[in-house]
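Fold and geometry: a report
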Amino acid sequence: MRAVFLKDLLIALRDRGAVFIALVVPVFVISILGGALQRNRNPLVRLPVVNEDQGPVAGTFITLLRDHARVEEVDRAQAEYLVRDRNRAAAAIVFPEGLSKAYLQGRTADILLLTDPARVGEVGRVKVLLLLMDKRAAALADPLAEERLSLKEVNLTGKHADPGSFEQTVPGYALMFVLLAVIFGTAAAMHDERGWGTLPRLLVAPAGFTWMLLGKLAVRYLVGIVQLLVLLVFGHFAFGVSLGPSPLALVLLVMAMVFPVVGLGMLTAGLAGTREQTLPLGLAFVLTFSCLGGLWWPPWVTPEWMQKISSIVFTTWAMQGMQDLMLRDRGLDALAVTVTILAAYGVAFTALGLALFRARHSAR
Amino acid sequence: MTANGRVALLVVALVAAPAAAEAPGPMAVTREVLTRSNAIVTGSGEHRQKVEALNTLLRPFLDTEAMGRRAMGKHLDGRSPAQVRAFLDVFRELFMRTYIQRLLLFEVPDFGYKGEHVDGDAATVETEIITPKDRFGVDYTMRRSTGAWRATDIRVEGASLGDNFRSQFDAALAKEPFDSLMERLRKKVAGPAEPDL
């Protein structure tokens, strides 16, 4: 027994890469997840405000809102651009012209709320701020008046005024399970060739090593597309989650989303020296990209430094594409940038993974 | 004596002085009060201190008793003297709070004086609050009693604060008894003037 123990210990320690990955990767993932779970305890919502009133009442409200939100005074066009076109803010408040006069005369005043319901959580927080502002408004007005502000909500980005929790969880968790299946499947499949002893034959195959690997990747790509489509269609029929106005746009987006996932699988295979190393590496990628991309929770609940990192990871773009399609009722034309960026990630991951894998195994 | 105390005494002296040839007219009284208000609003000091200073300044200027009787109108008929007194006391606090809070909305109020119309013991003083972007008309309905001019109503942008209160009292008393309304008013007065966000 002692001899077997020593032999297996030596074998385990011989794979220094596996030892390194087993220690460093968890530390990295724990740091990312820990940072995200710290949450933004008092996240300030970005809040564009249009002050068409330019009077004392709007001025007072804006001063109050500044304590609880990142208020940016902009014009109406800029506010709509930030909410509807760039999705940089969940909602914008418009204090209309004549608000102060109406208010001081004791008349109920209209306040306009321009919203992007795809960011339902943030819109809810802005509404809470407005409710509190309404209390303040009542105190500033005649003592018996209860209703001093009338809120008119205008949805700028589609028909879904109040999306439910499934609108976040279905696309988020569907993509996470595709990440799990495709990354592990792809990375393991590449290393299986080595385990089966068929890798040397692939390296000298007439069709070329890269083309052989691309052939293998194509299978994983197809599996990933089918898996994601099935999960989304299930969400549609089981939970009423919208699939957007264009089936063609949905299929194109799903294809674009799965491409970088397969590339990440290839990159995992290229980085891992052995099949055993693919497990912690793949898991690290799945957890990190799920966490940063907003697959588990909306990015705005995480600390600001994490939101900055999130804005460049491909899963964030994938989720934004899904929200554009499902919640903002956008079609093919609105997906052009998202699809291009996802495709670029796919090309980069795949090329890097192929180069690493080829270099690592050609040398042996 | 504090500066606010001196200001209050000055206003009391202005409004309580016996009618004489040199007695200040409604415009002069209003101008004096608003000038002092401006100094308080734009001066240093915390919000609460400003509210207290304005309260002291405006109390002799605003005839809240006349305003309260007008606002409650026929609903005071048949009430006991104690009930009437209790209402007028609560109304004074409410009106002062309402007016002061509106005044404090303007961070740097600049008052303009358009003119006065005197008709015996009644007068109207037309003023405006000038902001960088707009002007807000504020007219004071004044009445001279025991030689002093005091405001019995304030119209902001043409809307009378007294009428506003009256319509609210009418609406409230159509749905609830007098005592219930009094209880609500007392709670309002006892509660915070400005809830924090």
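Nothing here was measured: the structure is a model prediction, and the numbers come from that model.

Here we take up the packing of aromatic side chains. Counted by the stated rule, this structure contains 21 aromatic pairs over all chains. Arranged with centres 5.6 Å apart and planes meeting at 75 degrees, the rings of Phe87 of chain B and Phe169 of chain B form a pair that is edge-to-face. Residue Phe87 of chain B is found in helix H5 (residues 81–105), and its partner Phe169 of chain B is found in helix H6 (residues 161–173); the two are separated by 82 residues along the sequence. Overall, Phe169 of chain B belongs to the buried group, its relative accessible area being 0%. Aromatic ring contacts, followed pair by pair, group Phe285, Phe289, Phe314, Tyr345 and Phe349 of chain A into a single cluster. Geometry around Tyr113 of chain B places Arg31 of chain B over its ring, the cationic atom sitting 4.4 Å from the centre. Above the ring of Phe178 of chain B, the side-chain terminus of Arg79 of chain B is found at 4.1 Å from the ring centroid.

If you look at soluble globular proteins, the nonpolar side chains tend to sit buried side by side. By size, the foremost hydrophobic cluster in this structure holds 76 residues, and its most contacted members are Ile93 and Phe95 of chain A together with Leu58, Leu62, Phe87, Tyr99 and Tyr140 of chain B. For this core, the element with the highest residue contribution is H5 of chain B, accounting for 13 residues. Ignoring sequence-local partners within four residues, the contact set of Tyr140 of chain B consists of Thr30, Leu34, Phe61, Tyr99, Ala123, Thr124, Val125, Thr127, Ala151, Asp153 and Ile154 of chain B. Ala36, Leu217, Val262 and Leu267 of chain A belong to the second largest nonpolar core, which has 68 residues in total.

All names here are of chain A. Burial of strand S4 (residues 109–115) is extensive: 6 of the 7 residues sit out of reach of the surface. As paired strands, strand S3 (residues 91–95) and S4 are joined by 4 bridges and run antiparallel to one another. Following the sheet pairing, Val94 is matched in S4 by Leu112. Alignment of S4 against strand S5 (residues 149–155), held across 7 bridges, turns out to be parallel. Bridge pairing in S5 places Ile111 opposite Leu151.

Before going further, it helps to examine the confidence of the model for chain A. Confidence along chain A averages 84 in pLDDT terms, with 91% of residues attaining 70 or more. Mean pLDDT values over the elements of chain A span from 72, in helix H8 (residues 199–203) of chain A, up to 94, in helix H10 (residues 247–271) of chain A.

Most of helix H3 (residues 56–66) of chain A is tucked away: 8 of the 11 residues are buried. If you check which residues of H3 of chain A are buried, you get Pro56, Val57, Ala58, Thr60, Phe61, Ile62, Leu64 and Leu65 of chain A.

Residue and element names in this part refer to chain B. The sheet built from 5 strands is open, its strands ordered S1-S2-S3-S4-S5 with antiparallel pairing. Pairing within the sheet leaves two strands with one partner each, and these edge strands are strand S1 (110–119) and strand S5 (159–160). Sheet analysis places strand S3 (residues 135–145) next to strand S4 (residues 148–156), joined by 8 bridges and oriented antiparallel. Bridging from a neighbouring strand, Thr141 pairs with Asp153 of S4. Against the sheet, helix H4 (residues 64–72) makes contact with S3, S4 and S5, and its axis sits at roughly 45 degrees relative to S4, the strand it touches most.

We now examine the packing of helix H9 (residues 209–239) of chain A against H10 of chain A. Residue and element names in this part refer to chain A. Packing of H9 against H10 leaves a shortest axis separation of 8 Å and a crossing angle of 130 degrees. With respect to each other, H9 and H10 are oriented oblique. Here the hand of the crossing between H9 and H10 comes out right-handed. Taken together, the residues of H10 that come into contact with H9 (itself represented by Leu213, Leu217, Arg220, Tyr221, Gly224, Ile225, Leu228, Leu229 and Leu232) are Leu250, Val254, Met255, Ala256, Met257, Val258, Phe259, Val262 and Met266. Its residues assigned to classes, the contact of H9 with H10 comprises 16 nonpolar, 1 polar and 1 charged.

Rules behind the numbers
- Residues numbered from 1 in each chain as written.
- Chains lettered and ligands numbered in written order.
- Predicted model: local features only at pLDDT ≥ 70, side-chain atom pairs only at ≥ 80, totals over all residues.
- Heavy atoms only, no water.
- Phe/Tyr/Trp six-rings, centres within 6.5 Å; stacked < 30°, edge-to-face > 60°.
- Helix = DSSP H or I, 4+ residues; strand = E, 2+ residues; numbered from the N terminus.
- Buried < 20%, exposed > 50% of the residue type's maximum accessible area, 1.4 Å probe, protein only.
- Lys NZ or Arg CZ within 6 Å of the ring centre and 35° of its normal.
- Core = buried A, V, L, I, M, F, W, Y, C linked by side-chain atoms within 4.5 Å.
- Contact = heavy atoms within 4.5 Å.
- Pairing = 2+ DSSP bridges.
- pLDDT = per-residue confidence, 0-100.
- Axes fitted to C-alpha atoms, helices over the stretch in contact; angles between N-to-C directions.
- Parallel < 35°, antiparallel > 145°, perpendicular 65-115°, else oblique.
- Left-handed = near helix turned anticlockwise from the far one by under 90°.
- Nonpolar A, V, L, I, M, F, W, Y, C, P; charged D, E, K, R; others polar.

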